[in-house]
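Listed here are the chains, written in short residue letters.
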Amino acid sequence: MQSETPLPDTLANLLGLDPSNPLVLFVMAIVASGVIASGLLALVAVSGIWGKRKITAAFTDRVAVNRHGPAGILIIPADALRLLSKELIIPEGVDRPAWDLGPLIMVFSALAGFAVIPMGNGVQIADPETGLAYVFAMASVASIGLVMAGYSSNNKYSFLGGLRAVAQNLAYEIPLILTGMSVVLFAGTLRMSGIVTAQSATLFSLGPVAIPSWYAFVNPFAFVLFMVANLAEVGRNPFDIPEAPTEIVAGWQTEYSSVYFVLAYLSEFIHIFLGGAIIATIFLGGPAGPVLPGIVWFLIKIVGVYLFTQWARSAIPRVRIDQLIEIGWKGMLVLSFVNLLLTAVIVGVIA
Amino acid sequence: MSLEEPEPSTQLDVGVSEDGLNYDQLEALLGDSVIGRESHVNAEGFVIRPDDVQDVLSTLKTEAGFDFCSCVTAQEYQDRYESIYHLKKYDDPTQEVSVVVPSPRDDPHNQTAQPVYETAAWHEREAYDLVGIDYDEHPDLRRILLPETWQGHPLSMDYNQDKPQIVPLREHANPLQDDMQSPDDPDTMFVNIGPHHPATHGVLHVKTTLDGEQIADIEPDIGYLHRCEEQMCQQGTYRHQIMPYPDRWDYVSAGILNEWAYARAAEDLADIDVPEYAQIIRTMSAELCRIASHALAMGTFALDVFGDFTATFQYAFRDREVVQNILEDLTGQRLMFNYLRLGGVAWDLPEPREEFFAKIRDFLDELPGKLEEYHDLVTGNEIFQMRCVDTGVLPAEDVKDFGATGPVARGSGVDYDLRRDDPYGYYDELDWDVVTEDGCDNFSRVLVRLREIEESAKIIEQCVDLLEEWPEDDREIQANVPRTLRPDPDTEIYRAVEGAKGELGIYIRSDGTDKPARFKIRSPCFSNLHTLATMSEGEYIPDMIASLGSLDIVLGEVDR
């Protein structure tokens, strides 16, 4: 199921070019990235502009968009046009290059994270040995964008939001990565395709149904820990503290309008999907699944994680910033160390 | 049991007797301070010298048990200014006394009551702002409703309404501009929360000084929604022209409760008896309003704690909508009901009556399940409890000092509800309870509201039972009231009802014409909002927002 050759090589072969030529590979990598990024943006457009409204409406007993096209689906082009045609208001006294770069960094760091994700059917741009470390690093770069946006906006609410974002990311990044490390201990590799392959073995059989050794089944504790830490990482309830609309207006994104707002908004969704992609890859067997092609399974898994974040968003109260720091440093960090230690002991004993 | 007489306190009962207060004993207690007596419809008034205010009030508070300064009314006469302190007891609000402080026309000033009752601080600022009386030794005598730059006092007699409000440019600078950090404490940051902010529940401006995420200093700035309601009421005739205004004070859904405040004051002033049948309809519709208002309070509080457009908020609105529909059937309006009339109600229940009753009963049948859902979703949630228990603490002493009432007082264990303690309408014939919680925190205030919805449902159910069986030829909805109402000159009354937010009081002075000479609104939200500073200093921003939400203020009522 898992293609050995990365997507750029496949493309080069398809076009009859020599993949060992670095120039060819470079061009093909750009083409492949463009394809994947466009696919992701389309997914965000559907789920962010239309799906989110429908889902939230279902949770909160409303109808949501239903005027344009079947089930209101045409709201996507309408909204895109609306958002892009709005005036970009640049407030007085913003710190220009930083203020402009903030949203860009957020979007592109999240998109770059997808480069090493094996999405099934050979859709993977690169498969370096340090894949998991790379993806965590990329996911964290967004924090820099948040700080830039918060600090450069010349707005006290943005400033508070930016500071909250840093505090929150520090508190949750470490448990997140430590929990990810426990998976690495199991799989014995940081390479994303390696982690996926390691999960394809059968854990046990229920009659004719073979339960694969996905790490969510092998170590459910780590899975739950990771899901919670991921909610904080993407900033969704109960951890949407950097934005906290009722407290600090919109946090770091208060001063952004028009296209910059779109970028900020986009980055949130791409981050949620990146979080979903990491969870799918290291806990849910990546693109593995019966009958349907791998990429479909992969999408189902990311959308599943996305639905979970929307559910949390609709039903769970937001914790306070000091409570969040406490949960992060006193609760999650300790638990993730315990998890790492136990995994190490178990893996050591079995080996 | 709701109808039990509250126990009179043992020590502070000067003048308390079987048949009401003995004002002569109170006068004896005050001795030489009293320079005259006035008779108001609700209570006797002691006239005192302007420099005796604190002595008299603290004597009344510490020795006669008047621990509640309900309202301060200021007004101007041809020959003098006058401030009236309407005092009550939290234990028994039917024991009232007015302290009347006249001050000379040419230089109106008297002693402040702020050291005795903290709540007087805001009331006196309002009196200074609108009427123009100076209160000596007041710690912070500034305008409260009008802008700092306003010239003249709109409710004083020589105020020229046509005079343009010319403000020099330097004073006309952006009032929000001045937000530099304090030079004495460079570690703090000043933030304007509001007047445009998602969580201030209207146009409230909270001047906040932050120390990190914690609140070092906070000052609510109100008046953005001031619409001269008192003056408009003074320009309307008693019979018909005033009744539409109360709907616009607490405009979210408590219209009939507000109308009742005016109806009760005016009916007592003009000595009108309301037919029993109309009283039952009033009681029923008022409690429907209370449910709608509490549902909204709960929903918006969830908004503050959960985030925008979460399930709880939408569920609360969904359920409030059902009540709104019933009220629309009854009154023809969704929010601005204008349904009560002096001496009764505008019209009888809608036909077919069975259908209307069935609709109410359906709602009441579904209510327990819905409340269960709220308890699952909101009060039972651990994170919610983490956020709300022991935050925004308001001890019972502070409640009394700040004159807080309604669910805010009852959430701090102050057992005070005018529906039971100063019965009006049909409440004393029905079986229901006053809800109190002892937590004094945000959580208790939410619980009180949720439990009060149950009590209101009980009241409505009993009213529907009564209305269903009411003989058809005895459905009298309106007493005989003269077409033009002219109460006797110089009659004064201060009467309050239990509004959705607390004690909603009206002071009316008549001058023999068909319009009131002075119309003063005692807004529960105004006094409740005054407590925000004590509740939130030292707390985190999110807790301040939650406390603000738990006070359930409506700016239309705060600013009037």
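Residues numbered from 1 in each chain as written. Chains lettered and ligands numbered in written order. Predicted model: local features only at pLDDT ≥ 70, side-chain atom pairs only at ≥ 80, totals over all residues.

**Let's talk about the overall build of chain A**
Filter applied, for reference: Secondary structure elements are defined from DSSP: runs of H or I of at least 4 residues count as helices, runs of E of at least 2 residues count as strands, and each element is numbered from the N terminus. Here the globule rule is a power law, 2.2 Å times the number of residues to the power 0.38, and the radius of gyration is based on C-alpha atoms. Partly exposed residues are those whose C-beta has more than 12 but fewer than 20 other C-beta atoms within 10 Å; with 20 or more the residue is buried, with 12 or fewer it is exposed, and the C-beta atoms are placed from the backbone. Contact between two residues is assigned when their C-beta atoms, built from the backbone, lie within 7 Å.
For chain A, the helix and strand inventory stands at 13 helices and two strands. The C-alpha atoms of chain A give a radius of gyration of 21 Å, which matches the 20 Å a tight globule of 351 residues would have. Every one of the 351 residues in chain A was classed for burial, and the buried ones make up 49%. For chain A, the share of sequence-separated contacts (at least 6 apart) that also reach a separation of at least 24 residues comes to 74%.

**Some details on the overall build of chain B**
Looking only at helices and strands, chain B has 17 helices and 17 strands in total. Here the C-alpha radius of gyration of chain B, 23 Å, is about what a compact globule of 560 residues would show, namely 24 Å. Considering chain B as a whole, with its 560 residues, one finds that 53% of them fall into the buried category. A separation of at least 24 residues holds for 68% of the contacts in chain B among residues at least 6 apart in sequence.

**Brief notes about the sheet that holds strand β3 (residues 34–39) of chain B**
Residues and elements named next belong to chain B. Short version of the rule: The pairing criterion is simple: DSSP has to find at least two bridges between the two strands. The axes used here are C-alpha line fits, helices contributing only the stretch in contact, and every angle between their N-to-C directions lies in the interval 0 to 180 degrees.
As summarised here, the arrangement of the five strands in space is β3-β4-β7-β6-β5, forming an open sheet in which the pairing is mixed. In the strand order of this sheet, the two ends are held by β3 and β5 (68–76), each with one partner. Adjacent strand axes in the sheet meet at a mean angle of 25 degrees when their direction is disregarded. Inspection of the sheet shows strand β4 (residues 44–48) paired to strand β7 (residues 97–104) by three bridges, in the parallel sense.

**Looking at the environment of V389(B)**
All names here are of chain B. Considering the arrangement of structural elements, one finds V389 in the loop between α9 (382–388) and α10 (396–402). Residue class for V389 comes out partly exposed when judged on the 13 C-beta atoms lying within 10 Å of it. For the pair formed by V389 and D441, sequence separation is 52 residues and the distance between their alpha carbons is 6.1 Å.

**Comments concerning helix α9 (residues 220–234) of chain A**
Residue and element names in this part refer to chain A. Which entries qualify depends on this criterion: The length a helix should cover is 1.5 Å for every residue beyond the first.
Taking 1.5 Å of rise per residue, the 15 residues of α9 would be expected to cover 21 Å, and the 21 Å separating its terminal C-alpha atoms lies within 8% of that figure. Most of α9 sits out of view: eleven of its 15 residues are buried. Burial in α9 covers these residues: A222, F223, L225, F226, V228, A229, N230, L231, A232, E233 and V234. If you follow the buried residues of α9, they end up packed against α5 (131–152), α6 (156–187), α8 (215–218), α11 (258–283), α12 (294–315) and α13 (321–350). Remark: G235 follows α9 within two positions and exhibits a positive phi of approximately 70 degrees.

**Comments concerning the confidence of the model for chain B**
This is how it is decided: Confidence per residue, as judged by the predictor, is encoded in pLDDT with a range of 0 to 100.
The pLDDT averaged across chain B works out to 86; a share of 94% of its residues lies at or above 70. Overall fold confidence for the complex sits at a pTM of 0.85, while the interface term, ipTM, reaches 0.79.

**Digging into the interface of chain A and chain B**
Heads up, the condition is: Gly is placed with the polar residues, together with every amino acid not listed as nonpolar (Ala, Val, Leu, Ile, Met, Phe, Trp, Tyr, Cys and Pro) or charged (Asp, Glu, Lys and Arg).
Contacts between the two partners involve 24 residues from chain A, matched on the other side by 29 residues from chain B. At the level of secondary structure, the elements contributing two or more residues to the side of chain A that touches chain B comprise α2 (22–59), α10 (245–248), α12 and α13 of chain A. No other element matches α10(A), which puts four residues into the side of chain A that touches chain B. The residue inventory of the side of chain A that touches chain B, partitioned by class, reads ten nonpolar, six polar and eight charged.

**A look at the environment of F114(A)**
Residues and elements named next belong to chain A. Turning to its location among the elements, F114 is positioned in the loop between α4 (96–113) and α5. Here F114 falls in the buried class, since 22 other C-beta atoms lie within 10 Å of it. For F114, the residues in contact, after removing those within four places along its chain, are I36, L40, L274 and A277.

**Describing the packing of helix α8 (residues 353–379) of chain B against helix α13 (residues 442–469) of chain B**
Relative placement of two packed helices is described by the angle separating their axes and the distance separating the axes. Residues and elements named next belong to chain B. Put simply, the rule is: Should an angle fall under 35 degrees it is taken as roughly parallel, and over 145 as roughly antiparallel, whereas 65 to 115 is taken as roughly perpendicular and any remaining angle as oblique. By convention the crossing between two helices is left-handed if the near helix lies anticlockwise of the far one by an angle smaller than a right angle, and right-handed if it lies clockwise.
Viewed as axis vectors pointing N to C, α8 and α13 meet at an angle of 165 degrees, and their least axial separation amounts to 10 Å. Judged by the angle between their axes, α8 and α13 are roughly antiparallel. Seen along the crossing, α8 lies across α13 with a hand that is left-handed. Residues F357, I360, R361, L364, L367, L371, Y374 and T379 of α8 lie in contact with α13, whose contacting residues are V446, L447, L450, I453, E454, A457, I460, E461, V464 and E468.

**Concerning the packing of α2(A) against helix α3 (residues 75–84) of chain A**
Residues and elements named next belong to chain A. Put simply, α2 and α3 touch, their axes get as near as 9 Å, and they point 90 degrees apart. Taken together, the axes of α2 and α3 lie roughly perpendicular to each other. Across the interface between the two elements, A45, V46, I49 and W50 of α2 pack against I75, I76 and D79 of α3. Considering only residue class, the contact of α2 with α3 consists of six nonpolar, no polar and one charged.

**Regarding the nonpolar core**
Taken as a class, soluble globular proteins show a tendency for nonpolar side chains to be buried jointly. The test is simple: Any set of buried Ala, Val, Leu, Ile, Met, Phe, Trp, Tyr and Cys residues joined through C-beta atoms within 7 Å is what this text calls a nonpolar core. Residue ranges labeled as domains rest on an automatic or database domain assignment.
The biggest cluster of nonpolar side chains holds 256 residues, and the ones touching the most others in it are I270(A) and V99(B). In terms of residues, this core owes the most to one element, helix α6 (residues 276–306) of chain B, which gives 19 residues. When we break this core down by domain, the ones giving at least three residues each are domain 1 (16–136) and domain 2 (229–559) of chain B. Once residues within four sequence positions are removed from consideration, V99(B) is found in contact with F46(B), I48(B), V56(B), L57(B), Y85(B) and L87(B).

**Structural notes on the domain arrangement of chain B**
One frequently used descriptor of interface size is the decrease in accessible area upon assembly of the parts. Residue and element names in this part refer to chain B. What the domain assignment reports for chain B is domain 1 (16–136) and domain 2 (229–559). In this structure, domain 1 and domain 2 have C-alpha centres spaced 27 Å apart. Taken together, the 19 residues of domain 1 in the interface contact 27 residues of domain 2. Residue composition of the side of domain 1 that touches domain 2, by class: eight nonpolar, eight polar and three charged.

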